[in-house]
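Spelled out, the chains give:
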Amino acid sequence: MGISRSIRTAVIGAGPRGTSVLERLLANWAAAGSAGTLHIDVIDPYPAGPGHVWQPGQSRLYLMNTQSFYPTVVPEDRELAPPLAGHTFDQWRELQQGRPHPTLTDEERAEVSGLGETDFPSRALYGRYLRSTLEELLTVLPAGVSVDFHPATATSVRHAAAEPADPAAAEVEFAEQKQQSARFDVALDDGTVLTVDSVVLAVGHLDARLNAEQRELLSAAEELGLLYLPPAAPADVDWSVVPAGKPVLVRGMGLNFFDVMGQLTEGRGGRFVAEESHGELTYLPSGREPLIIAASRRGTPYRAKATLTGYYPGAVQLRYCTEHAIAKFADSGIRPSFDFDIWPLLHRDAIWAYYSTLARSQPDAILTGPSEFLRALDESLRPHAHSTAKWQNATESVISVHVRAAHRLDLLGLAAPLAGRSFDSRAELDAAVVDYLLDDARRSALGEDDPVKMAIGALHHGRAVVKTAVADSGITDESWVAGLRGWFESFVEGLASGPPALRAAQLAALARAGVVRFVGPDPKFGVDRRARTFTAASPWVGGGTDETAGEQSKGAGMYGAGLDRVGVGSVGSVGSVGSVGSVGVGGDGGAGLRSAGTVRAQTENAVAGAVSATAMIEALAPANRVAVNSSPLLEQLLAEGLVRPRLMMTVEGTPVETSGLDVVPHPYRPLGANGSVTPGLYVLGLQLSATQWGTAIAAEARPKSGPVYRSGQRTLRDADEIARDILAH
């Protein structure tokens, strides 16, 4: 049935999610055969399409964390209205290779010409794809549709206050408003006020206010003349302010760390070359690099991605944590607990993936026959056969009989390879981290033949199922707070959200060249006001001198200030390795899932023997928490009660404020401070992080083979639901 009235809507945020809303509005308008008018106001201070994060002009050293075949802003769901234009990124890549668009720059042409479907594109090229998709959409606007782009920041959204002077008109308007959504005034920072029927909040990544500890570090830096770079989008940072030839502390070894690493090494003229004899990389410095002193809770970076032909390993198929199994909870009226209902299923899948791969690729690791072992393992893992405690005990018994001790899995320990170890000197620590990096790169190269990477692959598969479980029926509040976000999120991200394997090999080369060194696990940060430096120390790294550091790390001598000694603390005992029982919920399994080391900005003297530097970089994205986001719009909406953060109850019954907005589905609409829903106001993307899990990742193009998970294109279906609701009211 066509639409015969006039509709005006505002989409706040013109990055990938805002572009998806625009695309879905056009597709559904055309599919309805509408005869009215639709006007769309798109609001963003950054260029529409790429938005803030994906600007085409940024450094090409910033890579996506997914391969070419993965991302899309255009749906491939036959149940949705067909797109009017656009392609997946991989389809666009192939088109540009065959017939490059005349507006592509020389850099864009050069990159796309050599880019394969399993390669990792630059964020800049993905931004170019987003802009191209938007440009295509604007050439096929259906009749009656108009679009205005406002390069400005939305500062407020309020109910429209205009009242007609004519009482008769007022009565007519009141009758119409009973059938339509309330109207809104959207104020922009350029003075414009747009009056619209509906508003979509697709604001994406936002700046955030610093926490108390970060504010203290910034204040100390300003007072003492130090350099402190707080959390930020890497492309927004002026890296030239980091001095060459001097130590710089870098906190965080997740994905942003590799962005920092690239800018301060290759970005300053250094080069990586592959050794012909053994294929390992060697770094040739330019002499303009700083000494990067890297620190994180684990003491090591995220594990690198395995070399695969698809997003998920084809050799791994979930047997226990399946979408069908998850649907049974909802069908039975059960709201599952992550720790007690979902994790035991995924835990089994990871164990099976590891040992089935081990039996196939390394049969000598099995003391008995591989087939006999897998039959016994299969029986022990059956969810219906045992309680949680009994299946873990049974599985551990099977493994102890059939598998050599050196090859037994410590699942949670994979996320913290230095846990339970201590080091007498920094050189010893650096050597251990390099060994870990090279071993991880070797495992990545083995792909589906490496048991560790396939255990991680099972977790990666399972993450897609967990996303569906969370979004469709939800999990208990207490397990969201203590389980999913409390320990599992950081655990699985450290294993399954890592960088391309090339980055691990590059980091190992930089460490061998003395350009990167490491602080160690559980670092404590501070400020030495007398020496006017930042400090960092790990309780697991001893105070031995680095007499061998010059030999161990070529070039380290030019950076050596402040690196001879580190803080000394108590050393924990070595945890058990390889015991399946140690990987259950409630045991740390040597995984280092202990609380992060206390981080503080001291106002006193230095920590004895700590590493020191006059510059410190937070290799972290700004916090994705609506209550602390530095956004005039969100602050206004929260202050005036049009939206509120979602509260969850802990197991003790204590309410906890979560990261995202409180919303009701479907489509997602925010709840106000009084618990009411405001018709015509919608939310999409990162601000749904208290209702959906893993909101930062792009929509997934339909894979050529393997499972198609419901969570893959959820963002696009969310956008479609919003578009249809806007057009229906």
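Residues numbered from 1 in each chain as written. Predicted model: local features only at pLDDT ≥ 70, side-chain atom pairs only at ≥ 80, totals over all residues. Heavy atoms only, no water.

Chemist: It is not clear to me how the sheet that holds strand 9 (residues 247–251) should be interpreted in this structure. Could you clarify?
Modeler: Strand-to-strand pairing in sheets goes through backbone hydrogen bonds, with the strands running parallel or antiparallel. As summarised here, the arrangement of the 5 strands in space is 8-19-9-12-14, forming an open sheet in which the pairing is parallel. Among the strands making up the open sheet, the edge pair consists of strand 8 (227–229) and strand 14 (516–518). Neighbour-to-neighbour, the strand axes of the sheet open up by a mean angle of 20°, direction not taken into account. The strands that helix 6 (residues 212–224) touches are strand 8, strand 9 and strand 19 (615–618); relative to strand 8, the one it contacts most, it runs at about 150°. (Pairing = 2+ DSSP bridges. Helix = DSSP H or I, 4+ residues; strand = E, 2+ residues; numbered from the N terminus. Axes fitted to C-alpha atoms, helices over the stretch in contact; angles between N-to-C directions. Contact = heavy atoms within 4.5 Å.)

Chemist: I tried to follow the packing of helix 12 (residues 426–446) against helix 15 (residues 501–512) on my own but got confused; where do I start?
Modeler: The relative placement of two packed helices is expressed as an angle between their axes plus a distance between the axes. For the pair helix 12 and helix 15, interaxial distance at closest approach is 9 Å and the crossing angle is 155°. With respect to helix 15, the element helix 12 is oriented roughly antiparallel. The hand of the helix 12/helix 15 crossing is left-handed. Note on element contacts: helix 15 touches helix 12 through A501, A504, L507, A508, A511 and R512, opposite V434, L437, L438 and S444. Tallied by class, residues from the contact of helix 12 with helix 15 come to 8 nonpolar, 1 polar and 1 charged. (Parallel < 35°, antiparallel > 145°, perpendicular 65-115°, else oblique. Left-handed = near helix turned anticlockwise from the far one by under 90°. Nonpolar A, V, L, I, M, F, W, Y, C, P; charged D, E, K, R; others polar.)

Chemist: Would you explain empty space enclosed by the protein in this entry?
Modeler: A water-sized probe rolled over the atoms picks out the places where empty space is left. Enumeration over the complete set of coordinates arrives at 5 cavities of 30 Å³ or more. In terms of lining residues, the largest cavity is bounded by 19 residues, among which K305, A306, L308, Y311 and H460 are the most central. Secondary structure elements with two or more residues in the lining of the largest cavity: helix 13 (451–472) and helix 14 (477–496). Partitioned by chemical class, the residues of the lining of the largest cavity number 9 nonpolar, 7 polar and 3 charged. (1 Å grid on protein atoms, 1.4 Å probe; cavity = no way out; pocket = protein on both sides within 12 Å on 5 of 7 lines; lining within 4 Å. Points joined across faces, edges and corners; volume = space filled by probe spheres on them.)

Chemist: Teacher, can you tell me more about a nonpolar patch on the surface here?
Modeler: On the surface, a cluster of nonpolar side chains totalling about 200 Å² of accessible area is made up of L138, L141 and F149. With respect to the helices and strands, L138 occurs in helix 4 (residues 123–138). Overall, the relative accessible area of 31% leaves L138 in the partly exposed class. (Patch = residues over 30% accessible without salt bridge, like charges linked within 9 Å, V, L, I, M, F, W, Y side chains within 5 Å. Areas by Shrake-Rupley, 256 points an atom, 1.4 Å probe, with all protein chains shown as cover. Salt bridge = Lys/Arg side-chain N within 4 Å of Asp/Glu carboxyl O. Buried < 20%, exposed > 50% of the residue type's maximum accessible area, 1.4 Å probe, protein only.)

Chemist: When you look at the packing of aromatic side chains in this model, what are you seeing that I'm missing?
Modeler: Two descriptors summarise a pair of aromatic rings, namely the distance from one centre to the other and the angle between the planes of the rings. Under the criterion given, the structure shown has 23 aromatic pairs. Look at F488 and W693: their rings are 5.8 Å apart centre to centre, the planes differ by 40°, and that puts the pair in the tilted class. With F488 in helix 14 and W693 in the loop between strand 24 (681–683) and helix 18 (714–728), this pair connects stretches of sequence that are 205 residues apart. Both residues of the pair, F488 and W693, count as buried. The structure contains a cluster of three or more aromatic residues connected by ring pairs, namely F338, W343, W487, F488, F491 and W693. (Phe/Tyr/Trp six-rings, centres within 6.5 Å; stacked < 30°, edge-to-face > 60°.)

Chemist: Would you mind going over unusual backbone geometry with me for this structure?
Modeler: Outside of glycine, negative phi angles account for most residues, and trans bonds account for most peptide bonds. Cis geometry is found at the peptide bond from P665 to H666, where omega equals -25°. The topology assignment puts H666 in the loop between strand 22 (663–664) and strand 23 (669–670). That bond from H666 to P667 is cis: its omega, 5°, falls within 30 degrees of zero. Topologically, P667 is positioned in the loop between strand 22 and strand 23. In the Ramachandran plot, D522 falls in the positive-phi region, its phi being about 50° despite a non-glycine side chain. Along the polypeptide, D522 turns up in the loop between strand 14 and strand 15 (524–528). In this structure, R532 takes a positive phi of about 60° despite not being glycine. Taking relative accessible area as the criterion, R532 reaches 43% and is therefore assigned partly exposed.

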